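Architecture at a glance
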Amino acid sequence: MELDWDWAVGGITDEIPRTTGPECINYMTARRRWVETVLLSALFIFVIHRSWLRLAPSKMPPLNEVQEPHSATRLFLLIAMSVIFGIEMGFKLSGRSMIFALNPCHVQTCLQIYLLAAKPTKTTTALFRIQMSNLNGPFLAFLFPEVEGRTYPFEQATYWIQHALLYIIPIYIIQSGAYTVEDLGDFHWSHIGTAFMLFYHFVLLSPLSMVTGINLDHMLCAAVSDPFQGPNYRLFACCHQTLLCPLLSKGTVIIFGPRTRSNASGPCEQTLGPDPPYYQMTAPENETQEELTDMILRQRYNAQSAATGMNPHDVDKMAITAEYTMPTTKID
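Quick caveat, the model's predicted, so the values are computed rather than measured. (Residues numbered from 1 in each chain as written. Predicted model: local features only at pLDDT ≥ 70, side-chain atom pairs only at ≥ 80, totals over all residues. Heavy atoms only, no water.)

This paragraph deals with the state of the cysteines. If you walk through the whole model with that rule in mind, you get one disulfide. Here C24 pairs with C221 through a disulfide, and the sulfurs are 1.9 Å apart. Here the disulfide of C24 and C221 is left-handed, its torsion about the S-S bond being about -85 degrees. Here C221 lies in the loop between α10 (188-212) and α11 (233-256) and C24 lies in helix α2 (residues 22-25), a separation of 197 residues in the sequence. Unpaired in this structure, C239 has its nearest cysteine sulfur neighbour in C238, at a distance of 6.8 Å. (Disulfide = S-S within 2.5 Å. Helix = DSSP H or I, 4+ residues; strand = E, 2+ residues; numbered from the N terminus.)

Written out as structure tokens, the structure is:
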């Protein structure tokens, strides 16, 4: 029984340049595409494995923050992104081009919807840090928009709103502290996220593009606006995206991340208030240890009696018979 894929690819034509057709299919040889896919995929797996082994332990938010209900802003972003994504999928089904739902921006949209709905765990924190290296998608969508094939009412608007939310949501998450990010000097998560994004392109999108003849995220042929035209355009893309992804990820954290406050005297220095009265005394050199102990106890219980209204005579008895213990400091 042959499956009917008309709902996924039936509405895609070559009316829009380099979407499909002989020009795009013959842009590179099939041998060249497969060799790049095998060799580069092996390289990306090596980078992911090597960086994963060097990861520092993830810092989780405090437990009381994890258990708090989602804020109104977070719920609004969750609902807004879900509605926009649903409308976008409706356009894809109506236009019989559902295969484009595999493009990275739609996958990232699903991931961000999940992150907004979920609670912080080690798994969701890892997913958030990985998707931070995929901000190149919405960034390039604004620099090189592709809206020629969007002819339904509101279809172009969903393009702009969706890609704007793809950048707004990580900024909100960073500022709210819902998920933590790695230190600015730590690039292991950036390497993992970038390598995983490129691995997705070459392992899934590239073979599907060759089988269907449809240019999924420009894995079959270069976009018209691509400055690196020619058979080496995918190699150039790997190079400039390897630089752009960490730049966008770290730059977003630097610009929109929460500011830490510290005293002018340094983070470790504190201005302490006056100590209790029974610690503020200087003993003469000729007094014994027992006299000092008695003095400390009397001053302590005198302070307690002033607060509780006890009889000074009873305080004296308590001071004489009480067992003295050295004050200790609890260190968490």
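Now, onward.
Given a rise of 1.5 Å per residue, 24 residues ought to cover 34 Å, and the 33 Å separating the end C-alpha atoms of α11 matches this to within 8%. Among the residues of α11, Y233, R234, C238, Q241, L244, C245, P246, L248, S249, K250, T252 and V253 are the ones counted as buried. Where α11 is buried, its residues meet α3 (30-53), α8 (136-143), α9 (155-176) and α10. (Expected span 1.5 Å × (residues − 1). Buried < 20%, exposed > 50% of the residue type's maximum accessible area, 1.4 Å probe, protein only. Contact = heavy atoms within 4.5 Å.)

For the coordinates displayed, the defined rule picks out one cavity of 30 Å³ or more. When its volume is computed, the largest cavity comes out at roughly 50 Å³. Taken together, R129, M132, V181, E182, L184, S249, K250 and V253 form the lining of the largest cavity. With three residues, α11 is the single largest residue contributor to the lining of the largest cavity. (1 Å grid on protein atoms, 1.4 Å probe; cavity = no way out; pocket = protein on both sides within 12 Å on 5 of 7 lines; lining within 4 Å. Points joined across faces, edges and corners; volume = space filled by probe spheres on them.)

In this section: the layout of surface pockets. Of the voids in this model, the second largest pocket is the one considered here, and its volume is about 510 Å³. What lines the second largest pocket is a set of 21 residues, among which T180, V181, E182, D183 and V253 lie closest to the centre. Residue classes in the lining of the second largest pocket are distributed as ten nonpolar, five polar and six charged. (Nonpolar A, V, L, I, M, F, W, Y, C, P; charged D, E, K, R; others polar.)

Glancing now at the side chain of T19. Relative to the helices and strands, T19 resides in the loop between α1 (6-9) and α2. At 3.2 Å, the side chain of T19 and the backbone oxygen of I16 are in polar contact. What T19 contacts, discounting residues up to four positions off in sequence, is I12, T13, F100, G213, I214 and N215. (Polar contact = N/O pair within 3.5 Å; in protein donor to acceptor, adjacent residues only side chain to side chain.)

Scanning the entire structure with this criterion turns up nine aromatic pairs. Arranged with centres 5.7 Å apart and planes meeting at 75 degrees, the rings of W52 and W189 form a pair that is edge-to-face. Taken as a pair, W52 in helix α3 and W189 in helix α10 lie far apart in primary sequence, 137 residues in all. Each member of the aromatic cluster is reached from another via a ring pair, and the members are F142, Y159 and W160. Positioned above the aromatic ring of F187, the side-chain terminus of K250 is 5.0 Å from the ring centre. (Phe/Tyr/Trp six-rings, centres within 6.5 Å; stacked < 30°, edge-to-face > 60°. Lys NZ or Arg CZ within 6 Å of the ring centre and 35° of its normal.)

For an α-helix the count is 3.6 residues per turn, leaving residues at separations of three or four pointing the same way. Between the first and last C-alpha of α3 there are 35 Å, a value that for 24 residues agrees with the 34 Å anticipated at 1.5 Å per step. Along α3, the residues that are buried comprise R33, E36, T37, L40, S41, F44, I48 and S51. Buried residues along α3 sit in contact with α2, α10 and α11.

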